[in-house]
Amino acid sequence: MNLKIEIDNGSGFCFGVTTAIRKAEEELAKGSKLYCLGDIVHNGMEVERLHEQGLITIDHEQLRELHNAKVLLRAHGEPPETYEIARQNNIEIIDATCPVVLALQSRIKRKWTDSPEAQTVIFGKKGHAEVLGLVGQTHGEAIVVESLDDVKQKLDFSKDINLYSQTTKNLDEYRRIVDYIQNNISPTAAFKSFDTICRQVANRMPHIAEFAAHHDVILFVSGRKSSNGHALFTRCMEVNPNSHLIEREEEIDYSWFKDAQTVGICGATSTPKWLMEECRDAILRY
C-alpha cells in the first residue's frame, strides 16, 4: 500500500490534559495509591494505560465513602462541594484543574456574588464535568444552554444576563447566541458576555478544517465521550466526507484507503499522540 500518511501536529492533548496526566504519573511513580474523580481524560485507551500504572477511577458517590486518601481532580474542574467533602473526609486533593477553567470558575463566582439578581447563563453541554463545576460556583442557580433554542426558551429577556461559555465550545455558535441576546434583551436590562472559550482549543477548529482538506481520507482518533472530539470531527466531515471516527486501531477499515493517496490522522484535545502513532503504524503494516 503506497500511502502517504501524515499525523496532524496540532492534534493531541491540550495543556490542561497534559498537566493532569503528568501529575498522575508523578504521584503513581512515588508508589502512592491514587484515585481520580471521573475518567482523567475522555479517551478510553489513555484511561486504560493509566489504570495499568495503578490509577483508580471513582465517581462522586464513591468519593463520599472515601477517607484518608489521595484524589486527583482532572482538568475539567469540580464544584465547591467536592472540596468540602474532601476536607471532611481527610482526603488530600491533587488539583489538576486547568488554569483556564479555574480562572473561569472564580470569575463566575465573583460576578454571581456581586449581582445575584442577574441570570448567570453558561453555554455548555448539560451534565459535562466542566459545566457542573461552573454551575457549582452559583449554588446551582446558573442556567445551562446548549443551543440557540435553549436561549429562546429558558431566558427571561426582561432581566439582566451574564453569559459565559464552557471553555471547549464552538466560538461561532457562541457568537450567534451573543448576537441573539443583544438583539432581544429588554432596553431596561443589562447584558454582559464573557468570551471564555479556550483559544488553544478554538484555534484547532480552522486548523483541523485546513488539515482535513489536504488529504483524501481522514482518520479522526478520539474517545466517543469527548465533546471536543465530536465538534472537531463534525468540522472534518464538513470539509472532507471521507472522514472516519475511530477510538482505536482495531476499528480501522482498510477498504477506506482503496482509492486514496494521502491519509491524515488527527484527533481531539483528549487524544494521546501515541494512539495516533499506533493507528499510523497499523496502516503501514497492512
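Not measured: the values here are computed from a predicted model. (Residues numbered from 1 in each chain as written. Predicted model: local features only at pLDDT ≥ 70, side-chain atom pairs only at ≥ 80, totals over all residues. Heavy atoms only, no water.)

As for empty space enclosed by the protein
- Within this structure, the stated rule accounts for 1 cavity of 30 Å³ or more.
- Of the voids in this model, the largest cavity is the one considered here, and its volume is about 30 Å³.
- Looking at the largest cavity, the residues that line it are Asn43, Gly44, Met45, Gly223, Glu247 and Arg248.
- Residues that form the lining of the largest cavity fall into these classes: 1 nonpolar, 3 polar and 2 charged. (1 Å grid on protein atoms, 1.4 Å probe; cavity = no way out; pocket = protein on both sides within 12 Å on 5 of 7 lines; lining within 4 Å. Points joined across faces, edges and corners; volume = space filled by probe spheres on them. Nonpolar A, V, L, I, M, F, W, Y, C, P; charged D, E, K, R; others polar.)

Focus on the pattern of salt bridges
- This structure, assessed with the given rule, holds 16 salt bridges.
- A salt bridge links Arg224 to Glu247, with the nearest nitrogen and oxygen atoms 3.5 Å apart. One end of the pair, Arg224, is in the loop between strand 10 (217–221) and helix 11 (227–239); the other, Glu247, is in the loop between strand 11 (243–246) and strand 12 (262–267), with 23 residues separating them in the sequence.
- For Arg224, a relative accessible area of 48% puts it in the partly exposed group. (Salt bridge = Lys/Arg side-chain N within 4 Å of Asp/Glu carboxyl O. Helix = DSSP H or I, 4+ residues; strand = E, 2+ residues; numbered from the N terminus. Buried < 20%, exposed > 50% of the residue type's maximum accessible area, 1.4 Å probe, protein only.)

Focus: the sheet that holds strand 8 (residues 161–165)
- Pairing in this open sheet of 4 strands is parallel, and the strands run 7-6-8-9 from one edge to the other. Of all the strands in the sheet, just strand 7 (143–145) and strand 9 (191–193) have a single pairing partner and so form its edges. Sheet twist, expressed as the mean angle between neighbouring strand axes with direction ignored, is 25°.
- Examined bridge by bridge, strand 8 and strand 9 share 3 bridges and lie parallel to one another. Within strand 9, the position partnered with Ile161 by the bridge is Phe191.
- Lying on the sheet, helix 8 (residues 171–184) is in contact with strand 6 (119–123), strand 8 and strand 9; it crosses strand 8 at an angle near 175°. (Pairing = 2+ DSSP bridges. Axes fitted to C-alpha atoms, helices over the stretch in contact; angles between N-to-C directions. Contact = heavy atoms within 4.5 Å.)

Description of the packing of helix 10 (residues 204–213) against helix 11
- Orientation of helix 10 relative to helix 11, taken along the N-to-C sense of each, is 40°, at an axis distance of 9 Å. By the angle between their directions, the pair helix 10 and helix 11 is classed as oblique. The element helix 10 and its partner helix 11 pack so that their crossing is right-handed. In this structure, helix 10 uses Arg204, Met205, Ile208, Ala209, Ala212 and Ala213 to contact helix 11, whose residues at the interface are Ala231, Leu232, Arg235, Cys236 and Val239.
- Classifying every residue of the contact of helix 10 with helix 11 gives 9 nonpolar, no polar and 2 charged. (Parallel < 35°, antiparallel > 145°, perpendicular 65-115°, else oblique. Left-handed = near helix turned anticlockwise from the far one by under 90°.)

By themselves these figures say nothing about function.
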